[in-house]
Each structure stands twice: as C-alpha cells, then as structure tokens.
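Chain and residue survey
The primary structure of each chain is shown beneath.
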Amino acid sequence: MSELKLQKLIQLNERLRQEEELPRIKVSEASKALVTYVTSTPDPLTQPNRPEFADNPFTKKAKSGGCTIL
C-alpha cells in the first residue's frame with residue numbers, strides 16, 4: 001500500500017513541476033489583451049446588420065412576417 005502512495009506522490013510531483021514550467025502572464029495584461037480583441041473583432045450576434053455578415057442566413061428576417069405551422 002505504501003508503494004502505491006509513493007507512486008501517486010511521484011506522479012503528482014511531476015505534474016506540478018510541469019505546471020510550474022508553463023509560461024505565465026499577469027492578469028492585467030491578459031484582461032487588456034481580451035478587451036483589445038473584443039473591441040476590434042466584430043460579432044455577428046450583436047451587430048448582424050454589418051456588411052461583412054450580410055450573407056449569414058441566420059440573421060435574415062423572414063419575408064412572410066409570421067409563424068409557419070407544419
């Protein structure tokens with residue numbers, strides 16, 4: 001039983017070492033990059049009438065103006 005615990009601890013230690021080597025950035029830098037991306041990238045869900053989204057069939061209104069019952 002102790003051999004199994006030792007093996008698990010060794011595996012956990014190795015995973016923690018791998019996570020420690022991952023590159024990190026500050027939260028302020030990440031949030032600034034996120035704000036820049038969101039403000040510079042058009043969104044078809046919030047701005048469906050923009051010309052670059054004109055061919056999207058999901059944003060077009062129905063011409064008949066009502067529900068269709070099958």
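Preceding this paragraph is the structure being described.
Now for a description of the structure that goes with this document. Values in this document were obtained by computation on a predicted structure and should not be read as measured data.

**Here's the deal with the overall build of the chain**
Of regular secondary structure, the chain possesses 2 helices and 0 strands. Sorting the 70 residues of the chain into buried and exposed places 1% on the buried side. For the chain, the computed accessible surface area is about 7300 Å², with 60% contributed by carbon and sulfur atoms.

**Comments concerning a nonpolar patch on the surface**
Together, Leu9, Leu12 and Leu16 make up a nonpolar patch on the protein surface, roughly 280 Å² of accessible area in all. Relative to the helices and strands, Leu12 resides in helix α1 (residues 2–20). The class of Leu12 is partly exposed, set by a relative accessible area of 37%.

About the criteria used
- Residues numbered from 1 in each chain as written.
- Predicted model: local features only at pLDDT ≥ 70, side-chain atom pairs only at ≥ 80, totals over all residues.
- Heavy atoms only, no water.
- Helix = DSSP H or I, 4+ residues; strand = E, 2+ residues; numbered from the N terminus.
- Buried < 20%, exposed > 50% of the residue type's maximum accessible area, 1.4 Å probe, protein only.
- Areas by Shrake-Rupley, 256 points an atom, 1.4 Å probe, with all protein chains shown as cover.
- Patch = residues over 30% accessible without salt bridge, like charges linked within 9 Å, V, L, I, M, F, W, Y side chains within 5 Å.
- Salt bridge = Lys/Arg side-chain N within 4 Å of Asp/Glu carboxyl O.

Geometry only, nothing functional implied.
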